[in-house]
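Okay, here's what each chain looks like letter by letter:
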Amino acid sequence: MAAGTEEAALGYEQARDELIEVVRRLEAGGTTLEESLALWERGEELAKVCRRRLEGARARLDASLAAERAGEAVEAEDGDGDDE
């Protein structure tokens, strides 16, 4: 599976859980240099997935809040003096 395809398939929670396991294995030691490097590289990939997922969630939240504020501003403008 290509990195971009794999990234798209991984959800935040799945990437986070795998990242936790990678960190646990690195901290435990007992791996060869090559295994440690491969784990490190995998950890970096997983951290990027998590970061992108969180950035996407933040963007969606910001857009939702901006739309809500815009709607409140329109309601406030519509309510000014229209009742008289």
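Residues numbered from 1 in each chain as written. Predicted model: local features only at pLDDT ≥ 70, side-chain atom pairs only at ≥ 80, totals over all residues. Heavy atoms only, no water.

K.L.:
Sorry if this is basic, but what is going on with the overall build of the protein here?
P.N.:
Of regular secondary structure, the protein possesses three helices and zero strands. The order of α-helices and β-strands along the protein, N terminus first, is α-α-α. Burial status across the protein gives 11% buried among its 84 residues. Nonlocal contacts in the protein, meaning residues at least 24 apart in sequence, comprise 74% of its contacts between residues at least 6 apart. (Helix = DSSP H or I, 4+ residues; strand = E, 2+ residues; numbered from the N terminus. Buried < 20%, exposed > 50% of the residue type's maximum accessible area, 1.4 Å probe, protein only. Contact = heavy atoms within 4.5 Å.)

K.L.:
Even after reading the chapter, I still don't get the nonpolar core, so can you show me in this structure?
P.N.:
One recurring pattern in soluble globular proteins is that nonpolar side chains are buried together. One finds L10, A15, V22, L39, L46, V49 and C50 forming the largest nonpolar core, which totals seven residues. At the level of elements, α2 (12-28) and α3 (33-79) are the ones that each hand at least two residues to this core. For this core, the leading source of residues is α3, giving four residues. (Core = buried A, V, L, I, M, F, W, Y, C linked by side-chain atoms within 4.5 Å.)

K.L.:
How should the environment of R53 be read in this particular structure?
P.N.:
Turning to its location among the elements, R53 is positioned in helix α3. We classify R53 as partly exposed; its relative accessible area is 34%. As a C-alpha pair, R53 and G11 span 42 residues in sequence and 7.7 Å in three-dimensional space.

K.L.:
Just checking my understanding: could you explain the side chain of R42 for this structure?
P.N.:
Tracing the backbone shows R42 in helix α3. In terms of polar contacts, R42 uses its side chain to reach the side chain of E18, at 2.8 Å. (Polar contact = N/O pair within 3.5 Å; in protein donor to acceptor, adjacent residues only side chain to side chain.)

K.L.:
Honestly, the pattern of salt bridges in this entry has me stumped. Any pointers?
P.N.:
Pairs may arise between side chains of opposite charge once their charged atoms sit close together. Scanning the entire structure with this criterion turns up five salt bridges. E18 serves as the salt-bridge partner of R42, at 2.8 Å between the closest nitrogen and oxygen. Residue R42 is located in helix α3, and its partner E18 is located in helix α2; the two are separated by 24 residues in the primary sequence. On the basis of relative accessibility, which here comes to 18%, the residue R42 falls in the buried class. Judged by relative accessible area, E18 falls into the partly exposed class, the value being 28%. Taking the shortest distance from any N to any O, the salt bridge between R58 and D62 comes out at 3.8 Å. Of the two residues, R58 and D62 both sit in helix α3, four residues apart, roughly one turn of that helix. With relative accessibility at 38%, the residue D62 sits in the partly exposed group. Among the ionic contacts, a cluster of salt bridges with common partners joins E18, R42 and E45. (Salt bridge = Lys/Arg side-chain N within 4 Å of Asp/Glu carboxyl O.)

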